[in-house]
Amino acid sequence: MRFFLLDDTREQPDDFPPNCKVRIDNREVALPNVIPTKDPNVEAKRPSCPVDITPFVQQPSRLDNVHSVHIQWAADMRAWAVGIFVVKRVTSEILMKRLLANVRARRDMIVTKMAIRTQLTDRGDSSLHLERVEFMLLCPLGKTRIVTPVKGSECSHLKCFDLMFFLKMNEKRPTWKCPICDKAVPYNKIIIDGYFEEVLEKAGRNITKVELLPNGDWRAIVDQRRPLFDCGEVPAKKRCSILLNNRLPQAAAAASRAATAPTHVADDGVIVLASGGRDFDESTQQHSLRQALAPNIESVAIQR
């Protein structure tokens with residue numbers, strides 16, 4: 001059930017008459033609560049939304065049973081109308097598929113490109129000139145990277161929001177308003193921005209901010225605090241430390257073997273075994289460790 005003003009000059013939103021009451025088969029229908037106002041001169045209104053009367057008009061027990069609907073409201077100078085519609089509930093996934101398949105719901109990238117040129121070059125004040133504008137690729141609803149950039153057909157801003165987040169939000173609480181400019185964005189007025197759709201595709205998944213240029217082009221902005229690497233790529237310094245850490249145990253083991261191995265003396269053929277007890281000369285082991293590490297450290301320095 002939907003209430004609206006009787007005015008055929010333009011499309012009317014849902015609106016309830018003052019002090020409206022509805023009864024179906026002598027059962028009162030719960031209408032949306034009146035929005036309170038502190039201004040005594042402002043008329044208190046109910047939220048603009050349809051009323052679900054499905055529980056009141058289920059299949060009657062007898063075929064000759066007819067439902068009766070009684071509506072009353074306070075008389076004023078305006079003419080009101082009411083309509084009862086049979087509708088089918090659809091999910092946000094279905095609505096998204098329909099919109100993606102609708103060619104008319106797409107805005108050509110040339111239109112947005114010309115709008116960028118106009119906003120960056122055509123300024124009313126000649127002293128004010130913007131050379132570039134930073135543009136966030138995050139959805140204002142979910143605070144995550146936009147997947148499908150959309151906006152209202154009557155919205156004049158460049159910013160977009162994510163289609164699925166917008167549909168999910170209105171599936172739970174139908175307001176159908178732009179989260180950026182608060183204009184009405186019903187389903188039939190949602191458009192997919194082809195320009196930013198291409199930006200999201202070519203910028204890379206890790207990019208959340210781009211720079212819009214006066215000629216209509218764009219340039220990705222990389223956060224210097226979080227350097228981006230391709231999958232499997234390791235920075236040179238980190239690769240050096242990994243290589244050094246991997247070779248240190250091998251070098252230490254080689255030094256230990258060199259320190260405990262028998263030493264051959266060429267003069268008299270006597271074999272001298274290094275002591276493994278407390279009298280073992282630690283300086284000899286440290287010297288052997290340095291000798292074993294030297295070629296490994298040198299190779300690491302070359303690879304850097």
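Residues numbered from 1 in each chain as written. Predicted model: local features only at pLDDT ≥ 70, side-chain atom pairs only at ≥ 80, totals over all residues. Heavy atoms only, no water.

Looking up the chain in an unreviewed UniProt entry gives the name SP-RING-type domain-containing protein, with the organism given as Ascaris lumbricoides. As stated in UniProt under Pathway (unreviewed entry), the record for the chain gives "Protein modification; protein sumoylation." Under the UniProt heading Sequence similarities (unreviewed entry), the entry covering the chain gives this text: "Belongs to the PIAS family." (UniProt positions renumbered as here; feature names shortened; annotations may be inferred.)

Caption draft 1: Molecular detail of the pairing of strand 8 (residues 149-152). Here strand 8 shows a buried face lined by Pro149 and Lys151 and a second buried face lined by Val150 and Gly152. Two strands pair when backbone bridges link them, and strand 8 and strand 9 (residues 161-162) are joined in this way by 2 bridges, in the antiparallel orientation. Residue pairing for strand 9: Pro149 is matched across the bridge by Asp162. (Buried < 20%, exposed > 50% of the residue type's maximum accessible area, 1.4 Å probe, protein only. Helix = DSSP H or I, 4+ residues; strand = E, 2+ residues; numbered from the N terminus. Pairing = 2+ DSSP bridges.)

Caption draft 2: Spotlight on the environment of Arg145. Topologically, Arg145 is positioned in the loop between strand 7 (133-136) and strand 8. Each C-alpha atom of the pair Arg145 and Asn206 lies 9.0 Å from the other, and the pair is 61 residues apart in sequence. Setting aside residues no more than four positions away along its own chain, Arg145 makes contact with Leu137, Leu138, Leu200, Ala203, Gly204, Arg205 and Ile207. There is a polar contact of 3.3 Å between the side chain of Arg145 and the backbone oxygen of Leu200. Within the local environment of Arg145, its side chain forms a polar contact with the backbone oxygen of Arg205, the two atoms lying 3.5 Å apart. (Contact = heavy atoms within 4.5 Å. Polar contact = N/O pair within 3.5 Å; in protein donor to acceptor, adjacent residues only side chain to side chain.)

Caption draft 3: How the structure looks around the nonpolar core. Within the largest apolar cluster, 30 residues are counted, with the highest numbers of intra-cluster contacts made by Phe135, Leu137, Leu163, Ile190, Phe196, Val210 and Leu212. When contributions to this core are tallied by element, the ones reaching two or more residues are helix 1 (92-101), helix 2 (109-121), helix 3 (163-172), strand 10 (190-193), helix 4 (194-203) and strand 11 (209-212). At 5 residues, helix 4 tops the list of elements feeding residues into this core. Not counting the four nearest positions on each side in its chain, Leu137 is found in contact with Thr144, Arg145, Ile146, Val199, Leu200, Ile207, Thr208, Lys209 and Val210. Ranked by size, the runner-up nonpolar core spans 11 residues in total, among them Val29, Val51, Ile53 and Phe56. (Core = buried A, V, L, I, M, F, W, Y, C linked by side-chain atoms within 4.5 Å.)

Caption draft 4: Just the sheet that holds strand 12 (residues 218-220), in detail. What the 3 strands build is an open sheet, ordered 7-11-12; its pairing is antiparallel. Each edge of the open sheet carries a strand with a single partner, namely strand 7 and strand 12. Averaged over all neighbouring strand pairs, the angle between strand axes comes to 30°, with direction disregarded. As paired elements, strand 11 and strand 12 share 3 bridges and run antiparallel to each other. Paired with Leu212 across the bridge in strand 12 is Trp218. Along the sheet, helix 4 contacts strand 7, strand 11 and strand 12; its crossing angle with strand 12, the most-contacted strand, is approximately 30°. (Axes fitted to C-alpha atoms, helices over the stretch in contact; angles between N-to-C directions.)

Caption draft 5: Spotlight on the side chain of His157. Structurally, the position occupied by His157 is in the loop between strand 8 and strand 9. With relative accessibility at 17%, the residue His157 sits in the buried group. A polar atom in the side chain of His157 sits 3.0 Å from the backbone oxygen of Lys159. The contacts of His157, once residues within four sequence positions are left out, are Lys151, Cys178, Ile180 and Cys181.

Caption draft 6: Representation of the sheet that holds strand 3 (residues 27-28) within the structure. Reading across from one edge, 3-2-4 is the order of the 3 strands in this open sheet, with antiparallel pairing throughout. Either end of the sheet is taken by a strand with one partner, and the two such strands are strand 3 and strand 4 (69-72). In this sheet, strand 4 lies alongside strand 2 (residues 21-24) in antiparallel orientation, the contact comprising 4 bridges. Note that in strand 4 the partner of Lys21 across the bridge is Gln72.

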